[in-house]
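One-letter residues, chain by chain:
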Amino acid sequence: MTSYCYRITAGAGLSNRPIRLSRMTTSSSRTVEISRLPQNYCSNSNHHQQRSRMVLRSRKIIRAAAVVEAVGPCGDGEDKAAAAGPCAYAVEDLSSLTTEESESESDQDRTAEMESKEENGEKKNKKMEQSQTVKVAVAAAVTVVMGVGNRVMYKLALVPLKQYPFFLAQLATFGYVIVYFSILYLRYHAGIVTDEMLSLPKAPFLAVGLLEALGAATGMAAGAILSGASIPILSQTFLVWQIILSTAFLGRRYRVNQLLGCFLVAIGVIITVASGSSAGHSLKEAGIFWSVLMVVSFLFQAADTVLKEVIFSDAAQRLKGGSVDLFVVNSYGSAFQAFFICLLLPFLSKLWGIPFSQLPNYLKDGAACFLNIGTLSSGCDGAPLLPLLFIVVNMGYNISLLYLLKISSAVVSCLASTFSVPISVYVFTLPLPYLGVASSLPTGFVAGAIILVMGLLIYAWTPSVSTSASPSLPN
């Protein structure tokens, strides 16, 4: 550290004004000011040297320091004349902060501040990512639970309405319109749903309703011929359609581990459902046409979920970073679906073996059984509780699917729904009310479940760079 020494002379006539000490260098000059130097600063002691140190500080850090020390004896006692003579002082500047060093220190401070902000930003982003991961995990768990409940409650709801499954399907379709719009009305008056959300273009919702109606129509037609064990097997094509459509229309790209994971999940579900059953034989008996028609129904449903993902993305741009409420999508989508179902009623009633001319009487009898009143209520034990529970659970399942699609990728929501299939198979082995004797587990259930879990782990092994396709598997 460089130090500089200065010498000043103080006499008897020294005033109390501040003493300014200047240091000249080739690059800059600095002035050290001592606010006051008393005239009687010299000590009357006989010591050869008397030292006093003074440290000058800035408000924040030490900028300069000066040491004032007496280097010569001063007059004392009888030597009054000598006292009037000059006293010698040495002033030493202890500051090592030159102008360049100060600027360098300022740059270092700014760099440290920027690094601190970047570090805080990284911590904040990491915390947000962790929070988002937890949110997706919880939503996926809820989707699995609701998916299992949806499959089980549908089976239970058909116990009292076993003669009126078409009535149950239409009750759910038109009941959703009333419930969804009622919730939408309440959320609008609560300020959750805005006018901007309601003013979004309705053409995409119209397309959603058409795809859902076509998916329901073709699915009902094929489901009336195919066995119950073969439908979950064919439903695995839904995941394939999602990947193809999201790649074609959304520009999504999937990693090898994701594709392999999805493939293993589908294989695991097929083994779980098909082992020990006559699914393969049933597919041969039903014929290739009805199997292809069921696959086409899953194409319509996969296109519907991809279109909903497009709606969310487009709404985020139109709302300037905002997000459209789930019940806006559900309400308008269900309304247009009910509209197209009405147009398809003649076709759908014929699929269920109900002449269109007898459809009003069929719906009337189904309503009587649903309410468990009148002479037609025999054999309708469990109504209306079980059908209502199915509608509530199915509604919660659809909402959870749409929410999981909104906050994550569609393939994640699809895998969550697919995972509910083997769990449902296991639940049906339990002694559930109204179902009578519990079924036994397929022989390959454990093997299929292990393959399915391996597929999920492989899919999640490397985080996806881009979001995936659309929500989960159909009912």
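Scroll up to find the structure this text is about.
Residues numbered from 1 in each chain as written. Predicted model: local features only at pLDDT ≥ 70, side-chain atom pairs only at ≥ 80, totals over all residues. Heavy atoms only, no water.

K.L.:
I'm lost on the state of the cysteines in this one. Help?
P.N.:
The term disulfide refers to a covalent linkage connecting the sulfur atoms of a pair of cysteines. In the structure shown here, the tally under the stated rule is 1 disulfide. Disulfide pairing places C369 opposite C380 at an S-S distance of 1.9 Å. On the sign convention where negative means left-handed, the S-S torsion of about -115° between C369 and C380 marks this disulfide as left-handed. In this pair, C369 is assigned in helix 12 (residues 359-371) and C380 in the loop between helix 12 and helix 13 (385-407), connecting sequence segments 11 residues apart. Of all cysteine sulfurs in the structure, the one in C414 sits closest to C262, which takes part in no disulfide; the separation is 7.3 Å. (Disulfide = S-S within 2.5 Å. Helix = DSSP H or I, 4+ residues; strand = E, 2+ residues; numbered from the N terminus.)

K.L.:
What is the right way to look at the pattern of salt bridges in this model?
P.N.:
Opposite charge on two side chains allows them to pair when their charged atoms are near. Applying the stated criterion across every chain yields a total of 5 salt bridges. R252 serves as the salt-bridge partner of E309, at 2.7 Å between the closest nitrogen and oxygen. Remark: R252 occurs in the loop between helix 7 (237-249) and helix 8 (256-274) and E309 occurs in helix 10 (residues 288-318); sequence separation between them is 57 residues. Each member of the pair E309 and R252 is classed as buried. The partner of D304 in a salt bridge is K308, and the shortest N-O contact between them spans 3.7 Å. (Salt bridge = Lys/Arg side-chain N within 4 Å of Asp/Glu carboxyl O. Buried < 20%, exposed > 50% of the residue type's maximum accessible area, 1.4 Å probe, protein only.)

K.L.:
I keep staring at unusual backbone geometry and nothing clicks. Help me out?
P.N.:
The general pattern is negative phi for most residues beyond glycine and trans for most peptide bonds. Residue P384 is reached from A383 by a cis peptide bond, and omega for that bond is 0°. In this structure, P384 sits in the loop between helix 12 and helix 13. Residue N372 is not a glycine yet carries a positive backbone phi of 60°. On the accessibility criterion, N372 (29% relative accessible area) is partly exposed.

K.L.:
Mind showing me how you'd approach a nonpolar patch on the surface here?
P.N.:
Where nonpolar side chains cluster on the molecular surface, the patch consists of V134, V138 and V142 and spans about 250 Å² of accessible area. Note that V138 resides in helix 2 (residues 99-157). (Patch = residues over 30% accessible without salt bridge, like charges linked within 9 Å, V, L, I, M, F, W, Y side chains within 5 Å. Areas by Shrake-Rupley, 256 points an atom, 1.4 Å probe, with all protein chains shown as cover.)

K.L.:
Explain the packing of helix 13 against helix 14 (residues 410-427) to me, please; I cannot follow it from the model alone.
P.N.:
Describing two packed helices takes the angle between their axes plus the distance from one axis to the other. It is the contact of helix 13 with helix 14, at a shortest axis distance of 8 Å, that shows an interaxial angle of 145°. Residue-level inspection shows Y397, L401, L404 and L405 of helix 13 in contact with helix 14, the latter providing A410, V412, S413, A416 and S417. Looking at the contact of helix 13 with helix 14 residue by residue, the class counts come to 7 nonpolar, 2 polar and no charged. (Axes fitted to C-alpha atoms, helices over the stretch in contact; angles between N-to-C directions. Contact = heavy atoms within 4.5 Å. Nonpolar A, V, L, I, M, F, W, Y, C, P; charged D, E, K, R; others polar.)

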